[in-house]
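Summary of structural features
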Amino acid sequence: PYPGDEAFLYDTFPKDFIWAVGTAAYQVEGAFEKDGKGLSIWDTFTRGGNRMATGDVGSDSYHNIQADVRAIQQLGVSHYRFSLSWARIFPNGTRGSYNEIGTNYYRNLIRRLKEIRVQPVVTLYHWDLPEHLQRTLGGWANPEIVGIFRDYADFCFQTFGDDVKFWITIDNPFVVARHGYGTGVVAPGIKNDPDLPFTVGHNLLKAHAAVWHLYDRHYRPRQSGQLSIALASHWINPSRTRLESLRECQCSLNHVLGWFARPLFIDGEYPACMRERLGPRLPSFSPEEREQVRQTADFFALSYGAVLSFHLINDSLKFGQHEDLDLRKLLYWVSAEYNNPPIFVVQSGWYVLGKTKTEDPKHMYYLKRFIAEALKSIVIDGVKVIGYTAWSLIDGFEWHREYGIRRGLYYIDFNTPDMKREPKTSATFYRYVIQKNGFPELPEHRPARGTFPCGFVWGVSANSIQVETTPTLFADPSVYLWNISNNGQLQKVEGFSAPPPRRSTHCADYDTIRQQVDQIQKIGVNHFHFSLNWSALVPTGDVAHPNTTLLRYYHCFTRRLLQANITPVVTLWYHTRQRSSLPAPLDAANGWLNSDTAEAFANYARLCYRELGEHVKMWITLNEPNDEMVSYQEGHQMLQAHARAWRAYDREFRPSQGGQVSLALHMDWVEPAFSFSREDVEPAKRVLDFRVGWFAEPIFGKGDYPLGMRRWLRQLNSLDLPVFKEEERRLVQGTYDFFAISHFSTELVTHAKENSYTYTAKLEVQLMIDTTWIMSPRPVVPWGLRKALNWVREHYCHVPVYVMANGAQEDPAHFKDNLRVYYLYNYINEALKAYTLDGVNLKGYFAYALNDQRDPEFGLYGQVHEEVIVKASLSNYRNIIQHNGFPIQGAAPQECPSRAEACWGCQILVRKPVVGFLTLVGSLVLVTLGLIIYYAAKAHKFYSTRMYLVKNVNLKRGFR
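Predicted model, so just to flag it, every value in this text is computed and none were measured. (Residues numbered from 1 in each chain as written. Predicted model: local features only at pLDDT ≥ 70, side-chain atom pairs only at ≥ 80, totals over all residues. Heavy atoms only, no water.)

1. Some remarks on the overall build of the protein chain
Selection rule: Segments assigned H or I by DSSP are reported as helices when at least four residues long, segments assigned E as strands when at least two residues long, and all are numbered from the N terminus. Exposed residues in this analysis have more than 50% of their type's maximum accessible area, buried residues have under 20%, and partly exposed residues fall in between, with area computed by a 1.4 Å probe over protein chains only. Only heavy atoms matter for contacts: two residues are in contact if any of them lie within 4.5 Å across the pair. His is not counted, nor are the chain ends, whereas Lys and Arg count as positive and Asp and Glu as negative. Charge placement uses NZ in Lys and CZ in Arg. For Asp and Glu, CG and CD serve respectively.
On a plain count of helices and strands, the protein chain comes out with 30 helices and 39 strands. When burial is assessed residue by residue, the protein chain has 57% of its 960 residues classed as buried. Restricting the contact set of the protein chain to residue pairs at least 6 apart, pairs at least 24 apart contribute 77%. Looking at charge distribution, the protein chain has the averaged site of its 103 positive side-chain charges lying 6 Å from that of its 98 negative ones.

2. Some details on the side chain of T103
The condition is simple: Under this definition, polar contacts are N or O atom pairs within 3.5 Å; protein pairs additionally need one hydrogen-donor-capable and one acceptor-capable atom, and for neighbouring residues in sequence, both atoms have to be side-chain atoms.
Residue placement: T103 occurs in helix α5 (residues 100-115). Among the polar contacts made by the side chain of T103, one reaches the main-chain carbonyl oxygen of N99 at a distance of 2.9 Å. Not counting chain neighbours up to four residues away, the residues in contact with T103 comprise I89, Y98, F155, T159 and F160.

3. Things to note about the sheet that holds strand β24 (residues 660-666)
How we decide: Between any two strands, pairing holds if DSSP finds at least two bridges. Orientation is described by lines fitted to C-alpha atoms, with helices fitted over the stretch in contact, and by angles between N-to-C directions that extend from 0 to 180 degrees.
Reading around the circumference, β18-β21-β22-β23-β24-β26-β32-β33 is the order of the eight strands in this closed barrel, with parallel pairing throughout. Sheet twist, expressed as the average angle between the axes of neighbouring strands with direction ignored, equals 25°. By the bridge criterion, four bridges tie strand β32 (residues 801-806) to strand β33 (residues 842-848) in an arrangement that is parallel. Each bridged residue has a counterpart across the sheet, and for V801 the counterpart in β33 is L842. With respect to the sheet, helix α19 (residues 548-563) is in contact with β21 (527-531) and β22 (567-574), its orientation differing from that of β21 by roughly 165°. On the sheet, helix α23 (residues 678-700) packs against β24 and β26 (739-742) and is oriented at approximately 155° with respect to β24.

4. Focus on the state of the cysteines
We apply this condition: For the purposes of this analysis, a disulfide is any pair of cysteine sulfur atoms at a distance within 2.5 Å.
One pass over the full model with this rule turns up three disulfides. One disulfide bridge connects C454 with C896, the sulfur atoms lying 1.9 Å from each other. Measuring the twist about the S-S bond at about -80°, one finds the C454-C896 disulfide to be left-handed. A residue pair is termed long-range when its members are at least 10 positions apart, and C454 in the loop between β17 (450-451) and β18 (457-461) and C896 in the loop between β36 (885-886) and α29 (904-908) qualify at 442 residues. Since its relative accessible area comes to 35%, C454 is described here as partly exposed. What makes C896 partly exposed here is its relative accessible area of 34%. One disulfide bridge connects C507 with C556, the sulfur atoms lying 2.1 Å from each other. In this structure the cystine formed by C507 and C556 twists about its S-S bond by roughly -75°; its chirality is therefore left-handed. Residue C507 is located in the loop between β20 (490-497) and α17 (511-523), and its partner C556 is located in helix α19; the two are separated by 49 residues in the primary sequence. Residue classification places C507 among the buried positions, given a relative accessible area of 13%. Residue C249 stays outside any disulfide, its sulfur separated by 10 Å from that of C251, the closest cysteine.

5. Concerning the packing of α19 against helix α21 (residues 595-612)
To keep things clear, this is the line we draw: Angle categories: roughly parallel below 35 degrees, roughly antiparallel above 145, roughly perpendicular from 65 to 115, and oblique for all the rest. By convention the crossing between two helices is left-handed if the near helix lies anticlockwise of the far one by an angle smaller than a right angle, and right-handed if it lies clockwise. For this classification, the nonpolar set comprises Ala, Val, Leu, Ile, Met, Phe, Trp, Tyr, Cys and Pro, the charged set comprises Asp, Glu, Lys and Arg, and every other residue, Gly included, is treated as polar.
One way to put it is that α19 packs onto α21 with a least axis distance of 10 Å and a crossing angle of 50°. As the angle between them shows, α19 and α21 are arranged oblique. Crossing angle aside, the handedness with which α19 passes α21 is right-handed. Each of L551, Y554, H555 and T558 in α19 lies in contact with α21, whose residues at this interface are L607, E611 and L612. When grouped by side-chain class, the residues that make up the contact of α19 with α21 number four nonpolar, two polar and one charged.

6. A few points about the pattern of salt bridges
Where we set the bar: A pair is scored as a salt bridge if a Lys or Arg side-chain nitrogen falls within 4 Å of a carboxyl oxygen belonging to Asp or Glu.
Within the structure shown, the criterion is met by 45 salt bridges. Here D326 ties to K329 by a salt bridge, and the two come within 4.0 Å at their closest N and O atoms. A relative accessible area of 38% places K329 in the partly exposed class.

7. Description of the domain arrangement of the protein chain
Test applied: Segmentation of the chain into domains, including their bounds, is taken from an automatic or database domain assignment. Each of two parts loses accessible area, computed with a 1.4 Å probe, when they are put together; buried area is these two losses added.
Split into domains, the protein chain comes out as domain 1 (4-441) and domain 2 (464-472 + 505-673 + 719-748 + 768-886). Taken over C-alpha atoms, the centre of domain 1 sits 54 Å from the centre of domain 2. Taken residue by residue, the interface counts twelve residues in domain 1 and nine residues in domain 2. Here domain 1 packs against domain 2, burying approximately 840 Å² in sum over the two surfaces, 61% of which is carbon and sulfur. Contact with domain 2 buries area across many residues of domain 1, yet E6, Y365 and R369 alone supply 53% of it, more than any other trio. For the pair domain 1 and domain 2, the interface holds one salt bridge. Residue D770 pairs with K368 through a salt bridge whose shortest N-O separation is 2.5 Å. Linking domain 1 to domain 2 there are three residue pairs in polar contact (both at pLDDT 80 or more).

8. With respect to the sheet that holds strand β28 (residues 758-760)
Read from one edge to the other, the open sheet built from four strands follows the order β25-β27-β29-β28, with strand pairing classed as mixed. Because the sheet does not close on itself, it has two edges, and the strands there are β25 (669-672) and β28. Recorded for the sheet is a direction-independent mean angle of 35° between the axes of neighbouring strands. Bridge count for strand β27 (residues 746-750) against strand β29 (residues 765-768) is three bridges, and the pairing is antiparallel. Of the residues in β29, the one forming a bridge with V749 is L767. Contacts from α23 reach β25, β27 and β29 within the one sheet, and its direction differs from that of β25 by about 165°. Those strands touched by helix α26 (residues 783-796) are β25 and β27, and its axis lies near 100° from that of β25.

9. Quick look at unusual backbone geometry
Residue S392 is reached from W391 by a cis peptide bond, and omega for that bond is 0°. A cis geometry characterises the amide bond from Y848 onward to A849, with omega recorded as 15°. Tracing the backbone through its elements, the reader meets A849 in the loop between β33 and β34 (861-864). Despite not being glycine, D35 shows a phi value in the positive range, around 55°. Looking at where D35 falls in the secondary structure, it is placed in the loop between α1 (25-28) and α2 (41-45). Despite not being glycine, R117 has its phi angle at roughly 60°, a positive value. For R117, the location among the structural elements is in the loop between α5 and β4 (119-125). Judged by relative accessible area, R117 falls into the exposed class, the value being 78%.

10. Digging into the packing of aromatic side chains
Put simply, the rule is: Aromatic rings from Phe, Tyr and Trp, taking only the six-membered ring of Trp, are treated as a pair when their centres fall within 6.5 Å; an angle between ring planes under 30 degrees marks them as stacked, one over 60 as edge-to-face, and anything in between as tilted.
Enumeration over the complete set of coordinates arrives at 85 aromatic pairs. Ring centres 5.6 Å apart and planes at 75° place the aromatic pair F166 and F299 in the edge-to-face group. Remark: F299 occurs in the loop between α13 (287-293) and β8 (300-305) and F166 occurs in strand β5 (residues 166-171); sequence separation between them is 133 residues. In this pair, the class of F166 matches that of F299, namely buried. Note on Y510 and Y553: the rings are 5.1 Å apart at their centroids and 80° apart in plane angle, and the pair reads as edge-to-face. In this pair, Y510 sits in the loop between β20 and α17 while Y553 sits in helix α19, placing the two residues 43 residues apart along the sequence. Residue classification places Y510 among the buried residues on the basis of a relative accessible area of 4%.

11. Here's the deal with helix α28 (residues 872-882)
Here is the rule we go by: Note that the arc is computed from the directions linking the helix axis to the C-beta atoms.
S873, L874, Y877, I880 and I881 are the residues of α28 that are buried. The buried residues of α28 all sit within an arc of 125° when viewed along its axis, so they share a single face. Backbone geometry just downstream of α28 places N884 in the positive-phi region, at approximately 55°.

12. Examining the nonpolar core
Rule in force here: For our purposes a nonpolar core is just a set of buried Ala, Val, Leu, Ile, Met, Phe, Trp, Tyr and Cys residues, chained together by side-chain atoms within 4.5 Å.
Residues W140, Y430, F528 and Y877 are the most contacted members of the largest nonpolar core, which totals 277 residues. Each of domain 1 (4-441) and domain 2 (464-472 + 505-673 + 719-748 + 768-886) gives at least three residues to this core.

13. What about the side chain of R406?
Along the polypeptide, R406 turns up in strand β13 (residues 405-406). Residue R406 is classed as buried on the basis of its relative accessible area of 7%. Separated by 2.8 Å, the side chain of R406 and the backbone oxygen of I412 make a polar contact. If sequence neighbours within four positions are ignored, R406 has contacts with W350, Y351, V352, L353, G354, T356, D395, Y411, I412, F414 and K424.

Below is the structure:
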């Protein structure tokens, strides 16, 4: 079920799984005219039109067999896929032009592969048709080429077949037909005849079938090889959840993959939707030809990866649907559509821009994604995936993209004469995966079992609470008729009103407080974290003129929380990017850049401590001030504001109130993109210094900004970072009682610059994500929380730590919010590991957030119009709280002293006014004073409700 099926699967491939790497002749061989080689259509094509580069030299593999073989050996693959240059063996395309030297090149390559125990996977045709055949026959548009191709294949089977167990006849016939003879994007560059691609495709299918039958009859008995054709495809998702959209998706795949796969794997006929839409434009097979074509593949050779948009070029074959990147779905579709054949992924990978050298994070993580999807296909979906081929071994000429992109696992500097092969990070990664045969599960990947300590703080956070300073009860003075004998509805009596209540406002008058506290209580938490509104509490910035009504409301709210056995955790100031959130006069006076703001904040803190401190024992001065939008000068003043507020509490209020004060820092984790590269460890530390250490080190550390932060800025000749005066250092250092973090996600960081990712010039780092991560839309990376908590422990020893906010963003319409259920379970589990395994002094965890109304898309409660909806995540979070973690199955229950239950009766049974109900019947006035006290939970409902009711009673009906 979602999102578990999108989580990374730690497992291994079958023992006999094929690990391969591949190349294509024209892309890498070079030597386009050497040793008798004839011209191919690409040699001609690259010299025409507006094309800027050729594959004349490519990667010069023709002269670098040993270097290529060494690279193959370093990777540890079991198979190497390469293609034969038809024009190097038969310069004019036919046997009469046989070239011995060219043939010996491939003999030598195969011999070298055997020496390192690597099996060759040989492609007969990878787009480089001999130019002579194109010029004299019209290439694949002429059916005569079927026999010529069969003869070429016959020679290859005779010459190389004893050492080759896997053959690919033709690579990607869709590209050959549609883009070679339709759009003209690739060689031979023919266009303007819309029907020609279907003729070409027809001939390609018959050529493949002829070669398969040749091998099956004459070579398979003694060579025992397998033969197929490499088919490539995109993946596509429906734009709407309608049957019509699903049909269009199916038709899109059939126009690309099914065009060739259905005739070969099913019935020798084209897909129905192609026949319906193309009519007579699509050639047809005779009954004899259908029998000749069908079932002519020993395995399904599938290409998938960077050809995502290359295949379709434009939207014409998407049929209004959404193209997507999903190898796992494609593998499942192929398996379901074509009777569960063994599938060999013969080309897969991604690309980087041409300027990228040996550090290719994008390629590496897409490679990881595709391999992981293949693994899920095998383990979860039961698809017969027998092998995976990373593309490609080395950088080369990338067809119509020329040298603008690179797809190699090995970097080549094309401007150097020796064309040295240098392993990229993607090569190191692929070698590691092959060595491990996948991604074996390690102990840290398994969920932890155990419980948090007794007294662990379980909470929920909200940026703010709903505030209604006008009492919601007793606000309606109207008189109503209660039509009890008919429909029981209330009817307003015009012209009558009840006298106003002659008393001051009580906390119970605020129905919004009761509703919110009831919601919090149903979660099962023992703490609730919310923020005060400084600009509303002290609009002028002067605490001598506070908003007493709002202050009273906050007082009532925190009091009500305590009555419900919920400890309030109160933030004095919450940083928001959208608006200042400072009192308007302070904001107008240069905000945090003005040193007076720090003193104003301390005075505001004193006001809150004085008025709310009776109920609040846990304070957050500043919530997430370490935002990248905050300047270093503003941060300097914020640190002093926090310190003044902390010291004010420590000196003036702690002795009598006994609370705790700290600040909460935003701390998403930053992981080196290349965990096996020391060069990325330093950038990761740098980012954490600038993001977290910036505020943490002055308070929890040595009273100054991180040394690495100062050194880096000094290296950049930057004077932006302020210097602490000695009195400022003494003021700030040590002003904490605990370390509080907000944590939501994780990013990867590398020093390698790649234009397609976010590059932070100031820190000279590139931020990115692992494409295998679940998105919410931010990455869901549970282990990042554990690493963040360990960072705190390593830097500040045994400081008490609270996760003050942790939650996932999800569509508010998803009341069965499976993503948030997954998120909370796994993040809390990682927090348990940090506590039980790593020794982090973790004191509490707060889920974010209470409801969608105040924190859209993050809430445990949803809302439709006026109805509050309990989401699935709330029930799951409550279950974790009730068990205080994840108890070991069969273990004795954890014995913890129970918290004292709230006593509503204690609040009711005091000397206060009591509600009376006045009943009028006709001219008879019956005054009935009803005092109903049914212990605590019942009584407050009567106390909080007062209504003047008139009963319209028909005495003739015998009313008693």
